[in-house]
Each structure stands twice: as C-alpha cells, then as structure tokens.
Amino acid sequence: MTAPTAAAAANHVRALVVAISVPVPSWIRWRAPWSEATPGAWSGHDGRVSASDDRAAKPTPVASRRHRAAEARRAAEAQVRQIVRRLEARPPEHDFTPTLDRMKRATAYLGDPQKAYRVIHVAGTNAKTSTARMIAALISAHGLRVGLMTSPPLTDGLERIVIDGEPIAPEAFIEVWGQVGPVVDLVDAQSADDGGPPISVFEAYALAGFVAFADAPVDVAVIEVGMGGTWDATNVVTSDVQVITPIAMDHEEWLGADLAGIAGEKAGILGKQAVIGPQSDAVAEVLAAAVAETRGGAWWAGVDFGVVARELGVGGQMVAFQGIGGMYPDVWLALLGSHQADNAALALGAVELLFGDPAAPTPLEIETVRDAFGTVTSPGRLEVVRTSPLVVIDAAHNPAGAEALAVAVTEVFPGPMVGLVGVLGDKDAAGILGALEPVMETVVVTQSLAPRALDAYALGAVAADVFGPGRVEVVPRLDDALARAVDLADAISEGASGPLAAGVLACGSVTVAGQVRLLLRPSRR
C-alpha cells in the first residue's frame, strides 16, 4: 500500500474536521422523531416553546415588541448584505468548469438535502423563469409546499430562493448559510489542493437553496438550470420531471457554436419523463436522440399538448389548453404575450406528469388550474412598472427572446415605443437590436451596473448601424437614460395626432430590467 500524498492527507483531515465542526444540517435534525411524553415539550419545528416557558414569560408592550422585531430585522438584513457581498466576490456563474465534483462533494457533506423532496428540473434558453414560476404556482394551488430556485435575480440575491411564493427571509437565509458556509470553505480548500477553482456564486446559491428547501420542508422543488444542463450545478438533483423550454443561440462561448451543440448540453438533464417546448427541427432531433438514449418518456408541445385558442384581455389573456391528460377551457392567464401562453401549456404538462400516471394521464382539476394561472406573476417579463407614461420592462437578453418580445409588444402595446436598451458584453447586441428595431421609434442605449455590461458608446455604434444614427441616443448612466427615454415618450405623445400614447420599453438584459424596476418600484423586492 503506497503512502498517501500530502494533499490526500490534508483532504482526509479536513473531512474529519468538517464532520466535527459543521453542524448537523437542520433539515436532518428537524426530521428526527421528537418525544411527546412530556406535556408542553417541543414537538416539531414550528417555533413553539414549552408551556412552562410561555407561562414564565412576562407581558411585553406591543410597541416594545415591535421595536425589538424591527431592530432584529435590520440586523438580519445587514448580516445578509455581508454574506451576499462575499458571495458575489466568488467566480461568476458563467465562469464554470465542466464538472459536478464540487457540488457532489458539498451536497454529500450537507446530507444530500436535494434528495429530501420531489423535483421538477427546468432547462432551456428562454422562458425558463416564467415557466418555473407557473409550475410553482400550479403546485402551490394543490395545497403543497413548493420551493422555487431561479437565476439570475432581477434585483436581490435572495430572489433566487423562493418558498411558498416568497423570497427566503433574511433570518432563514442566515441560518441556512450557517450550515452551507463552512462546507463551501472546506470544498474550496479541497478543490485548491486538486488544482481546481473555488465554488462559484451560482453553486453557492444552489447549495443554499437545496438546504433551505429541506429545512422548510417543501414537498416539491422547481429548480431552474443556470446555464446549459449536463454540467450545471443544479444537475446533482434526481428529478421527477424534466422541462425543456425553447432552445436558441446563447452562451456560445461555453455551450457550443451551433444549436445542436447547445441542445446536447441542455439535454443533459433528461431522465424518466420530460415535457419539451416548441423547438426548431435541429434541436428536436438532438433532444429526441437524447430521450431515446435515456429510455425515458417525452411529451412534445404541438403534438401531445399545447395552446388551442387564446384571446387577449386587459392584463392577461383567456386561453384554452390541450393538456397531456385532457382539455382545459376558459383559463385566464394573468400574463401577456403568446409566448407566455406556450409557457403555461408547458408548465401544465409538467405538473400533470408530476401528479399523474404517465401511462394513463388524467387532467388536473380545472378550477385549481384557473386559480393558479389567474393570479400568477412573472416580474420583469413584459411587466408594466409605470403607467404615465407607460414603462414596460422585459428581461429579453438574446435575439430569440427579443423576437418573442417584439411580437408581444406589437400585440399588447400598439402605441409608439421608445427603447431603453442595455446589453451584456458577451451577447449578440446586433441581433437583439435588430429584433427590436421594428417596434421602437427611437432608442436610448445605456449600460447597467453589471460588470459584464457592454459600454454604452460601443452599443451606440451597433445601434446606429441597425436604427440609423438619427434614431439613437447614448446616455451611459441608466437613471439618466430612463429619464431621457421618458421625456422622449412624453414628447412623442404630445406631438401625436392619434389617440395612442407613447411608452418606454426597457430591455436587453436582466440587469437593465431589474435596475429600472428598482428605480420605479423601490419598495418592491
């Protein structure tokens, strides 16, 4: 037997240290069988204290309790900001190595929390977040606790982890990070010994989400892939249902230079049963081969399920769906755009598979579907954040997303639009602007605060080629650019002879949509 190397010995010591120093994951502790022999004793994880403690507590004035609660909340928020700053200093989510070793090692140390609940796994290029939100809404409407993990966030890192429709509370995130942080540090050290990188910001948030959902505990988690599929940090889950939203060109530097290569990466999440959204022929061929290889089942949009009819309404649309298990007529969907109706059909199919027997699928209760879709929201997706003048934000950040946005804007907002556009440096700026040009009278180009944001003047040069110089203004600061776009919309409305007022369409990246949302709706998360 050969002697262990120094690195192997160090890893062994660290593994022993983590077993001693890292607390037992709370989701494991909370699932232990608690004794009920003593009246008033702890009997669960709902935060109740014993009867004797309750009797001993002295009455506290309401104002004093509120003051202490407010102080505690502010302290928790400050602590979360410190944690988030350290997280955001980690390698970015697009800077990854094709391996799941770090995630597998970290989840094992944490007790594999991702195995504590059922999972629907969502991959694709566009529509992942909206589809995941609709899936979560449908599951919640059935009376189950649901966790939702999406990326990237619009405005706040805690938006990545949602439980029962609400972002994780600061106090809960602190408790979760108390479990995850030491493990992240340990795996960082082990990876460094092996010559590898530290855990990325996306991997760290994914670990926190897995633990938070187990802590809650949720019945089902809806997990959105960060990028790709095969090597994505979320692909340590064993999912009950897989969802593939439309696949298009994006992240070519990391996923491949053609649709077939990108589709192959995203097909890496496929398993026993999948619903697949509208795809090009090239993508469908790759996905069909992957389904055959996994020997799983697949249900395809336009063949096994889809939108039968839709009618535009105020603030949404009335849709009839053909599901995998049956028909769903007269469903009000509180989201705009034909693409959102397609996303809803995909979400419906996923939940039918989750709850039903694939061999003999049955429809969901129609009123439950109507309740879920009638109140569903998807912030940052064709969202009106101001009405006078109209300001609409959308997270479209690649040519395919911009094309879907342009179709929806033409249908929903017939008045003239002023564009407010900022793009990340690794995106197809000309493709995005080319898709948007038909629905924008003029465009104000800018840049968000994101480190990857394309310089406003560089984007302005691209926009001048697409729109013509006379229809382009460059305003580098986003707040100034928003004010300028609003002024232009007001001027167009004042000079127009028709009844339709002009509006502002802010898009081009998730960060532009999120930062405009913060500027106009600062009280909202």
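Since the structure is predicted, the reported quantities are computational estimates derived from the model, not experimental observations.

Student: I tried to follow the nonpolar core on my own but got confused; where do I start?
Tutor: For soluble globular proteins, the rule of thumb is that nonpolar side chains tend to be buried together. L87, Y117, F173, V180, L207, F210 and F213 are the most contacted members of the largest nonpolar core, which has 45 residues in total. If you list the elements that add at least two residues to this core, you get α4 (62–88), α5 (101–109), β3 (161–163), α7 (170–193), α8 (201–215) and β5 (220–224). If one sorts the elements of this core by residue count, α8 sits on top with 12 residues. Once you skip the residues sitting within four places of it in the chain, F173 turns out to touch V80, I83, L87, L158, I161, I168, Y205 and A208.

Student: What should I look at first to understand helix α6 (residues 128–141) in this one?
Tutor: For an α-helix, 3.6 residues make a turn, and residues three or four places apart therefore share a direction. Taking 1.5 Å of rise per residue, 14 residues should cover 20 Å, and α6 covers 20 Å from first to last C-alpha, within 8% of that figure. The element α6 is largely enclosed, with a buried count of 12 among its 14 residues. Buried within α6 we find K128, T129, S130, T131, A132, R133, M134, I135, A136, A137, L138 and I139. Phi turns positive one or two residues past the end of α6, at G143, with a value near 85°.

Student: Would you explain empty space enclosed by the protein in this entry?
Tutor: Throughout the structure, instances matching the rule amount to one cavity of 30 Å³ or more. By volume, the largest cavity is sized at about 30 Å³. Around the largest cavity, the lining residues are M149, T150, R160, F202, Y205 and A206. A per-element tally of the lining of the largest cavity places α8 first, with three residues. Looking at the lining of the largest cavity residue by residue, the classes come out as four nonpolar, one polar and one charged.

Student: Is there a simple way to think about the packing of helix α10 (residues 259–266) against helix α11 (residues 281–294) in this case?
Tutor: Each pair of packed helices can be summarised by the angle the axes make with each other and by the distance between the axes. In contact at an axis separation of 9 Å, α10 and α11 are set at 35° when each is read in the N-to-C sense. Crossing of α10 against α11: the hand is right-handed. When α10 is examined against α11, the residues L259, A260, A263 and G264 are found in contact with a partner set consisting of V283, V286 and L287. Class assignment for the residues of the contact of α10 with α11 results in six nonpolar, one polar and no charged.

Rules behind the numbers
- Residues numbered from 1 in each chain as written.
- Predicted model: local features only at pLDDT ≥ 70, side-chain atom pairs only at ≥ 80, totals over all residues.
- Heavy atoms only, no water.
- Core = buried A, V, L, I, M, F, W, Y, C linked by side-chain atoms within 4.5 Å.
- Buried < 20%, exposed > 50% of the residue type's maximum accessible area, 1.4 Å probe, protein only.
- Helix = DSSP H or I, 4+ residues; strand = E, 2+ residues; numbered from the N terminus.
- Contact = heavy atoms within 4.5 Å.
- Expected span 1.5 Å × (residues − 1).
- 1 Å grid on protein atoms, 1.4 Å probe; cavity = no way out; pocket = protein on both sides within 12 Å on 5 of 7 lines; lining within 4 Å.
- Points joined across faces, edges and corners; volume = space filled by probe spheres on them.
- Nonpolar A, V, L, I, M, F, W, Y, C, P; charged D, E, K, R; others polar.
- Axes fitted to C-alpha atoms, helices over the stretch in contact; angles between N-to-C directions.
- Left-handed = near helix turned anticlockwise from the far one by under 90°.

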